[in-house]
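Given next are the chains, with one letter for each unit.
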Amino acid sequence: AVFADEFRYRETQNVPTQLEKLKLTEADFDSLKNVEYVLNPLRRAQKALEGEKYINISLLPLVINEVRSQLGLCEGAVDQEAQQDLYQLLCVMVDDFKARWGESMSYSNEVVRASRRRQVGIPTYAFWASALDPRTKKKLSKLLDAGEQVRLWVDLFEAVKHLAQQQQQEQNIQEQL
């Protein structure tokens, strides 16, 4: 369709445009389909996280886990010999994903920074939101082991307790004034 439009609306007759000069082959279109297949998990993740009318940070651990799983499936489905370019693309994507989100799913209340001070892994608040969100709280047990779940709930309890203490202190100061 893109090539047909390009031909139909070109500026000068009998002068091919840059796009028309490409003349993609069937193998090129197969490669594009393969790239689309590899990028599809990332498209679905973006769709899941782009809600405008609802809070979606609680979905982050589930989405990251699903993308990790789908990239692994894609990696296993690619023929390294026949699809070298696709395999190289996928390897770069998997390496980048692991550098950003870690080798595996794990909860921690400590922030780890990588290059450019970018946080590695899922933010603590995203796990807390998942634990509290009715849509995701039951699914969290499939992502974290029992010890990590206990740490998450203890951290969440301590954070709420700390917040309550701060509010009480502020209220005491207001009463003294």
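Here, every reference points to the structure presented above.
Residues numbered from 1 in each chain as written. Predicted model: local features only at pLDDT ≥ 70, side-chain atom pairs only at ≥ 80, totals over all residues. Heavy atoms only, no water.

Draft legend 1. Here's a closer look at the overall build of the chain. Looking only at helices and strands, one finds eight helices and two strands in the chain. Taken over the C-alpha trace, the chain has a radius of gyration of 24 Å; the compact-globule value for 177 residues is 16 Å, which it surpasses by more than 25%. By its C-alpha atoms, the chain is 85 × 40 × 35 Å across when sized along the principal axes. Residue burial in the chain is summarised as follows: out of 177 residues, 25% are buried. Contacts spanning at least 24 positions in sequence make up 51% of the contacts within the chain whose residues lie at least 6 apart. Split by element, the accessible area of the chain, about 13,100 Å² in all, is 53% carbon and sulfur. Side chains of the chain give 23 positive and 26 negative charges; the mean places of these two sets differ by 4 Å. (Helix = DSSP H or I, 4+ residues; strand = E, 2+ residues; numbered from the N terminus. Rg over C-alpha atoms; globule rule 2.2 N^0.38 Å. Buried < 20%, exposed > 50% of the residue type's maximum accessible area, 1.4 Å probe, protein only. Contact = heavy atoms within 4.5 Å. Areas by Shrake-Rupley, 256 points an atom, 1.4 Å probe, with all protein chains shown as cover. Lys, Arg positive; Asp, Glu negative; His and termini not counted. Charge placed at Lys NZ, Arg CZ, Asp CG, Glu CD.)

Draft legend 2. Looking closely at the layout of surface pockets. Taken as a whole, the largest pocket spans an internal volume of roughly 230 Å³. In this structure, the largest pocket is lined by 20 residues; those nearest its centre are Ser-106, Ser-108, Val-120, Gly-121 and Ile-122. Breaking the lining of the largest pocket down by element, the ones donating at least two residues are α4 (60-77), β2 (119-120) and α6 (124-132). The residue inventory of the lining of the largest pocket, partitioned by class, reads ten nonpolar, seven polar and three charged. (1 Å grid on protein atoms, 1.4 Å probe; cavity = no way out; pocket = protein on both sides within 12 Å on 5 of 7 lines; lining within 4 Å. Points joined across faces, edges and corners; volume = space filled by probe spheres on them. Nonpolar A, V, L, I, M, F, W, Y, C, P; charged D, E, K, R; others polar.)

Draft legend 3. Examining unusual backbone geometry more closely. At Arg-116, a position not held by glycine, the phi torsion is positive, near 60°. Checked against the element boundaries, Arg-116 lands in the loop between β1 (112-113) and β2. Note on Arg-116: relative accessible area 84%, which makes it exposed.

Draft legend 4. Highlighting a nonpolar patch on the surface. A contiguous nonpolar surface patch, about 350 Å² in accessible area, is contributed by Leu-22, Leu-24, Phe-29 and Leu-32. With respect to the element layout, Leu-22 can be found in helix α2 (residues 18-22). (Patch = residues over 30% accessible without salt bridge, like charges linked within 9 Å, V, L, I, M, F, W, Y side chains within 5 Å. Salt bridge = Lys/Arg side-chain N within 4 Å of Asp/Glu carboxyl O.)

Draft legend 5. Representation of α4 within the structure. Counted at 1.5 Å a residue, the expected span for α4 with its 18 residues is 26 Å, and the 25 Å between its end C-alpha atoms agrees. For α4, the set of buried residues is Leu-60, Pro-61, Val-63, Ile-64, Val-67, Arg-68, Gln-70, Leu-71 and Cys-74. The inward-facing, buried residues of α4 abut α3 (26-49), α5 (84-101), α6 and α7 (140-143). (Expected span 1.5 Å × (residues − 1).)

Draft legend 6. Representation of helix α8 (residues 146-176) in the model. The end-to-end C-alpha distance of α8 is 45 Å, a good match for the 45 Å that 31 residues give at a rise of 1.5 Å each. Inspection of α8 places Glu-148, Leu-152, Asp-155 and Leu-156 among the buried residues, and these make up the whole buried set. In the core, the buried residues of α8 are packed alongside α6 and α7. Two to three positions downstream of the cap, the backbone nitrogen of Gly-147 sits 3.1 Å from a side-chain oxygen, assigning the N-cap of α8 to Asp-145. (Polar contact = N/O pair within 3.5 Å; in protein donor to acceptor, adjacent residues only side chain to side chain.)

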